[in-house]
Amino acid sequence: MTGAMTAGEPAPAGPAPGKDRIEALDALRGFALFGILLANLPYWAGLPFASPEELKALAGRIDLQAFSAFFNFVLDGKFYTLFSLLFGLGFALQLDRLERRGADGLRIFRRRMAALLLIGCLHIFLIWDGDILTLYAALGFALPLFRRTSDRALLVWALAFLFGVPVAGVALCAAAGIEPGAPLFALASAITAAQGIDNAKIAPIAFVGHGGWHEFVVWQSTGWAYNYGERLDNWRIAKVLGTMLLGMLAGRYLLRGQLLENRRLLWIVLVGGLVIGVPANLAYAHLPPHSQASWSSLIGTAPQGLAYGAAFLLAWPHARAVLGLLSPVGRMALTNYLTQSVVGDLIFYGIGLGMMGRIEILFVYAIALVLYAGQILLSRWWLARRRQGPMEALWRRMTYGAPSGEGAPLAA
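Because the structure is a prediction, the values reported are computed rather than measured. (Residues numbered from 1 in each chain as written. Predicted model: local features only at pLDDT ≥ 70, side-chain atom pairs only at ≥ 80, totals over all residues. Heavy atoms only, no water.)

Here we come to the layout of surface pockets. Considered as a void within the structure, the second largest pocket measures approximately 780 Å³ in volume. Around the second largest pocket sit 30 residues that line it, and L155, L246, L265, V269 and L306 are the ones nearest its centre. Elements supplying a minimum of two residues to the lining of the second largest pocket: α1 (23-45), α4 (78-100), α7 (151-176), α11 (236-255), α12 (263-286) and α13 (292-323). Per-element accounting of the lining of the second largest pocket gives the leading share, 7 residues, to α12. In terms of residue class, the lining of the second largest pocket is built from 25 nonpolar, 3 polar and 2 charged. (1 Å grid on protein atoms, 1.4 Å probe; cavity = no way out; pocket = protein on both sides within 12 Å on 5 of 7 lines; lining within 4 Å. Points joined across faces, edges and corners; volume = space filled by probe spheres on them. Helix = DSSP H or I, 4+ residues; strand = E, 2+ residues; numbered from the N terminus. Nonpolar A, V, L, I, M, F, W, Y, C, P; charged D, E, K, R; others polar.)

As structure tokens, then:
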């Protein structure tokens, strides 16, 4: 930005300048993105829908039961919790910055969510059916409803959506024999049938992992329905909204200088999250599916994910030189998230190398380390030459009509 402003003149409505950025949150976002990559990889590798023979190839030299326990305990849902929290925190920061500049913060935020929804729809239909952007954008439209609530009321709403609604919903649906996602699963089957394919006879790894463009298009045409059907079944939509509301509350604390500086609060979140999350997730990791494990996941996932975030921020002052390496990835979160999807398709799907079901899980995670290391290097290189990532620049152009400043990333 060039030129001077006279006293009392409102700053232009645009993205936040680079000096307003908080490096610790960028690094935390980069950390969350790494965890999301690790959580998504088993899907690309074909683990959830592998046959017994294919499971042997995927297992290689490890015990898949032990891997499943590790995945459920350490990864499943924890890093989406962090990402959702940062999204809500970002809403509080964006609205405050815009309104302090005299801009119509809500109108700009809604344009921003509309643009993200469009990007998410293109992603979920054309690239990867595991997309999270559409859900974030849709729930983002609900966040302004809570912006005038008190801190106490916001905490109550957050806990209600995070725990109360999912637990009550699971109990009521079980008592009534209702499967919330069933209509979407039926719709997906109807879509494949309309394309002349018997869904019951599809071997997923052979179909999308080793098929061509036709199979990929068929897969993408139904994947969104399975995606949201599962989110209805596991009540993730309510949990994500609850976590975003917690993020809004965290954003208020941040604006008052009571978050990153408040180590007592961070220790409370860390210890409390582990006390609740570790026993519940140990149960989730070791109990059979569709037993208490589902209840354990409802109770334990978010607290343990929040504990991860608190531990990261507590470590930040002492390990900034190392943890700061993740900041560029977090600043380009949208670009890096979408890049992970494209690379995953090209490695594992039949439209690329077709490695789904052919690489044992240890090597799959080795690929993840190489990919993420590459994203660290490329993000540093790009941001040394540009103010923002390519997709971030596009998103801001869609929001503001013209590129301006550096702005806030995907989740802040």
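On to the nonpolar core, then. General note: in soluble globular proteins, nonpolar side chains tend to be found buried as a group. L143, L245, F348 and Y349 are the most contacted members of the largest nonpolar core, which totals 104 residues. Here this core gets 13 residues from one element, more than from any other, and that element is α1. Excluding anything up to four places from it in sequence, Y349 contacts Y43, W44, W128, D129, V208, G209, F216, W219, Q220, G344, G354 and M356. (Core = buried A, V, L, I, M, F, W, Y, C linked by side-chain atoms within 4.5 Å. Buried < 20%, exposed > 50% of the residue type's maximum accessible area, 1.4 Å probe, protein only. Contact = heavy atoms within 4.5 Å.)

With 91% of its residues at a pLDDT of at least 70, the chain reaches an overall mean of 88. Here helix α2 (residues 52-59) stands out as the element of the chain with the lowest mean pLDDT, 86, in contrast to helix α14 (residues 327-331), whose mean of 97 is the highest. Counting interchain partners and residues more than four positions distant, the pLDDT-below-50 stretch residues 1-20 has 30 contacts. (pLDDT = per-residue confidence, 0-100.)

Under the defined criterion, the tally for this structure stands at 22 aromatic pairs. Relative to W128, the ring of Y43 has its centre 5.9 Å away and its plane inclined at 80 degrees; by these criteria the two rings are edge-to-face. Note that Y43 is positioned in helix α1 and W128 in the loop between α5 (105-126) and α6 (133-140), a separation of 85 residues in sequence. Consider the rings of F49 and W219, whose centres lie 5.6 Å apart with planes at 75 degrees: the pair is edge-to-face. Remark: W219 occurs in helix α10 (residues 213-233) and F49 occurs in the loop between α1 and α2; sequence separation between them is 170 residues. An aromatic cluster of at least three residues, connected via ring pairs, comprises F31, F79, Y308, F312 and W316. (Phe/Tyr/Trp six-rings, centres within 6.5 Å; stacked < 30°, edge-to-face > 60°.)

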